[in-house]
Protein chains: 2
Amino acid sequence: MKRILLTISYDGTNFCGWQRQKDEYLRTVQGEVDWACGKLFIKDINCIGASRTDAGVHAVGQRAVIDVETTIPTQRLPMAINSHMPEDIVVTAAEEVEADFNPRFRALRKTYEYKIYNSPFRNPMYRNYSEHVKTKLDVEKMAEAAKAFLGKHDFKAFCASGNSSKTTVREIYDISVAEEGDFIVLRVTGNGFLYNMVRIIAGTLIYVGIGKIKPDEIEDIINSKDRSRAGKTAGPRGLTLMNIVY
Amino acid sequence: MKRILLTISYDGTNFCGWQRQKDEYLRTVQGEVDWACGKLFIKDINCIGASRTDAGVHAVGQRAVIDVETTIPTQRLPMAINSHMPEDIVVTAAEEVEADFNPRFRALRKTYEYKIYNSPFRNPMYRNYSEHVKTKLDVEKMAEAAKAFLGKHDFKAFCASGNSSKTTVREIYDISVAEEGDFIVLRVTGNGFLYNMVRIIAGTLIYVGIGKIKPDEIEDIINSKDRSRAGKTAGPRGLTLMNIVY
């Protein structure tokens, strides 16, 4: 038996999130990965994912492990699995790992991208891949405010109810806000993220961008540990899990 | 009665092209524009489009005219029409034009973009917005070959059957092939394009990129006026109508 670590990319639009639901009729990414691998290896598969992305959230570098007995060379597994995958999921890499490798707890750092389309009119082609904000945002203030998230903090104010982690302390290694045409892209790397944390950071930075929160207030909001002082949870469609480092 | 020129952006994925079909159950962009404007102005609308994009082809800067009697200020029309539009179409501008303004025949130049995703694996998020080519393409050769299309030529070799134009002579003002991450983007501006012309140019440049056609053969292929010597018609999803100048 080998444990294989897969890198998986998907368009989250037509999924009820990563995690398989009790109601097996709900389409989930995990369910499709299990189904495709089940077809290939002719056995029941229950993959373990690194990150439980919500409905509508996308991934370029999701990771998951499967346990299989196979003679297919590891580097050929992506092609073999993809032949059973729907068009909105693709496996882009596979490597063998130790039998006890847990892709969730072994993650050293994760990078997310949050995309805002900042224009008076909607963008039909990016409607599922960005959050539309009509009001012109002050990108410089957003970038300034973002710096306050750097480092180790108790991010309780940036955590949705339903979070199951033991601690709300996380460390942000890198964060940036960049203007790219009509898009504003937030990129954030940390040792882990609480439930909805990136979307609440994005929503808070949008409030900074419209002038509702000042950049120098972010530190206070973090220290308050009070969810009601942070911004709204920005929508799922703008969020993409970019990369996980082990 | 005023003639209003609209700028329209759409995601072509879920449309049977621009043009209204005899079978009114087929979803078309023109049909949706007519329906939305009909709701707003409470009368039958038959808009005239500048370009009959095919099923799957997208637009950022499509143009169409409507004839209406209205007290709504012209600059407010996009917002008013959009309130009746589905999420995959948006009107981004409106201006009053002369009563006999024909958006198709008055066009001085049109710009199209053709996007190729050049990577061993599919990209789920761009599956509807790019053509996937697995083989590594030689972008420099493609850019070199593209230059041969510049200027006034008889583009009969780059025209699908079913073309209704009187002449197959067209002038290309500008053409470029650029590498943008894992994408290769062809941008072409001309005084007009024959049926499937941009997609046949894209398909021919893909053949150049894989070495099946040499850059210096393009001139001969154009002069041959022989469709069978050019490349395949590249898929519709990679194509976007970017801009029309009057």
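Definitions and limits used
- Residues numbered from 1 in each chain as written.
- Chains lettered and ligands numbered in written order.
- Predicted model: local features only at pLDDT ≥ 70, side-chain atom pairs only at ≥ 80, totals over all residues.
- Heavy atoms only, no water.
- Helix = DSSP H or I, 4+ residues; strand = E, 2+ residues; numbered from the N terminus.
- Buried < 20%, exposed > 50% of the residue type's maximum accessible area, 1.4 Å probe, protein only.
- Contact = heavy atoms within 4.5 Å.
- Areas by Shrake-Rupley, 256 points an atom, 1.4 Å probe, with all protein chains shown as cover.
- Lys, Arg positive; Asp, Glu negative; His and termini not counted.
- Charge placed at Lys NZ, Arg CZ, Asp CG, Glu CD.
- Salt bridge = Lys/Arg side-chain N within 4 Å of Asp/Glu carboxyl O.
- Polar contact = N/O pair within 3.5 Å; in protein donor to acceptor, adjacent residues only side chain to side chain.
- Least-squares fit on C-alpha atoms with pLDDT ≥ 70 in both.
- 1 Å grid on protein atoms, 1.4 Å probe; cavity = no way out; pocket = protein on both sides within 12 Å on 5 of 7 lines; lining within 4 Å.
- Points joined across faces, edges and corners; volume = space filled by probe spheres on them.
- pLDDT = per-residue confidence, 0-100.
- Buried area = accessible area lost by both parts, 1.4 Å probe.
- Expected span 1.5 Å × (residues − 1).

### Re the overall build of chain A
A tally of regular secondary structure across chain A gives 5 helices and 10 strands. When the backbone C-alpha atoms are referred to their principal axes, chain A occupies close to 60 × 40 × 30 Å. Each of the 246 residues in chain A was classed as buried or not, and the buried ones make up 54%. The contacts of chain A with a sequence gap of at least 6 include a subset with a gap of at least 24, amounting to 71%. Element-wise, carbon and sulfur atoms account for 47% of the exposed surface of chain A, whose accessible area totals about 11600 Å². Charge centroids of chain A, computed over 34 positive and 31 negative side chains, lie 3 Å from each other.

### A short note on the pattern of salt bridges
In total, this model carries 27 salt bridges over all chains according to the counting rule given. Here R106(A) and D100(A) are joined by a salt bridge, their closest N and O atoms 3.6 Å apart. Each of D11(A), E87(A) and R127(B) takes part in a single network of salt bridges with overlapping partners.

### Notes on the environment of Q21(A)
All names here are of chain A. Here Q21 lies in the loop between β1 (2-10) and α1 (29-41). Since its relative accessible area comes to 32%, Q21 is described here as partly exposed. Note: C-alpha distance between Q21 and G31 (10 residues apart in sequence) is 8.4 Å. Not counting residues within four places of it along the chain, the set of residues in contact with Q21 comprises C16, L26 and T28. A polar contact is formed between the side chain of Q21 and the backbone oxygen of Q19, at a distance of 2.9 Å.

### What to know about the relation of the copies chain B and chain A
For the pair chain B and chain A, the relating rotation is 180 degrees, the translation along its axis is 0.0 Å, and the fit reaches an RMSD of 0.0 Å. Read as a symmetry element, the transformation amounts to a two-fold axis. Interface residue correspondence from chain B to chain A reaches 100%, placing this contact among same-surface, isologous pairings.

### Quick look at empty space enclosed by the protein
All names here are of chain B. Counted according to the given criterion, the structure contains 2 cavities of 30 Å³ or more. Each pocket or cavity is described by its volume, and for the largest cavity that value is around 40 Å³. Lining the largest cavity are Y114, I116, M142, V177, I184, V185, L186, A202 and L205. Of the residues forming the lining of the largest cavity, the biggest block, 3 residues, is contributed by strand β9 (residues 183-190). Each pocket or cavity is described by its volume, and for the second largest cavity that value is around 30 Å³.

### A short note on the layout of surface pockets
When its volume is computed, the largest pocket comes out at roughly 1300 Å³. Around the largest pocket, the lining comprises 47 residues; the ones closest to its centre are K115(A), Y126(A), K115(B), Y126(B) and F183(B). The set of elements that each furnish at least two residues to the lining of the largest pocket consists of β1, β5 (109-118), β9 (183-190) and β10 (239-245) of chain A together with β3 (58-68), β5 (109-118), β9 and β10 (239-245) of chain B.

### What to know about the confidence of the model for chain A
With 100% of its residues at a pLDDT of 70 or more, chain A has an overall mean of 97. Both scores are available for the predicted complex, with the pTM at 0.94 and the ipTM at 0.92.

### Some details on the interface of chain B and chain A
Quite often, the size of an interface is put as the accessible area lost when its parts meet. At the junction of the two partners, chain B supplies 28 residues and chain A supplies 28 residues. When chain B packs against chain A, the two sides together hide about 2200 Å² of surface, and 57% of this comes from carbon and sulfur. Of all residues in chain B, the largest losses of buried area upon contact with chain A belong to F121(B), R122(B) and M125(B), amounting jointly to 32% of the total for that side. At the junction of chain B with chain A, the criterion picks out 4 salt bridges. Residue E87(A) pairs with R127(B) through a salt bridge whose shortest N-O separation is 3.3 Å. Counting across the interface, chain B meets chain A through 9 residue pairs in polar contact (both at pLDDT 80 or more).

### Concerning the environment of I221(B)
Residues and elements named next belong to chain B. As for its placement among the helices and strands, I221 is situated in helix α5 (residues 218-224). Taking the relative accessible area as the measure of exposure, I221 reaches 1% and is therefore buried. On a C-alpha basis, the gap between I221 and S161 in space is 17 Å, while along the polypeptide they are 60 residues apart.

### Structural notes on helix α1 (residues 29-41) of chain B
All names here are of chain B. Its 13 residues give α1 an end-to-end C-alpha distance of 18 Å, which sits within 8% of 18 Å, the value for a rise of 1.5 Å per residue. Taken as a whole, α1 has its buried residues at V29, Q30, G31, E32, V33, D34, A36, C37, G38 and F41. Here α1 starts with a cap whose side-chain oxygen sits 3.0 Å from the backbone nitrogen of G31, and that cap is T28. Where α1 ends, the next residue or the one after it, I42, has phi of about 50 degrees, a positive value.

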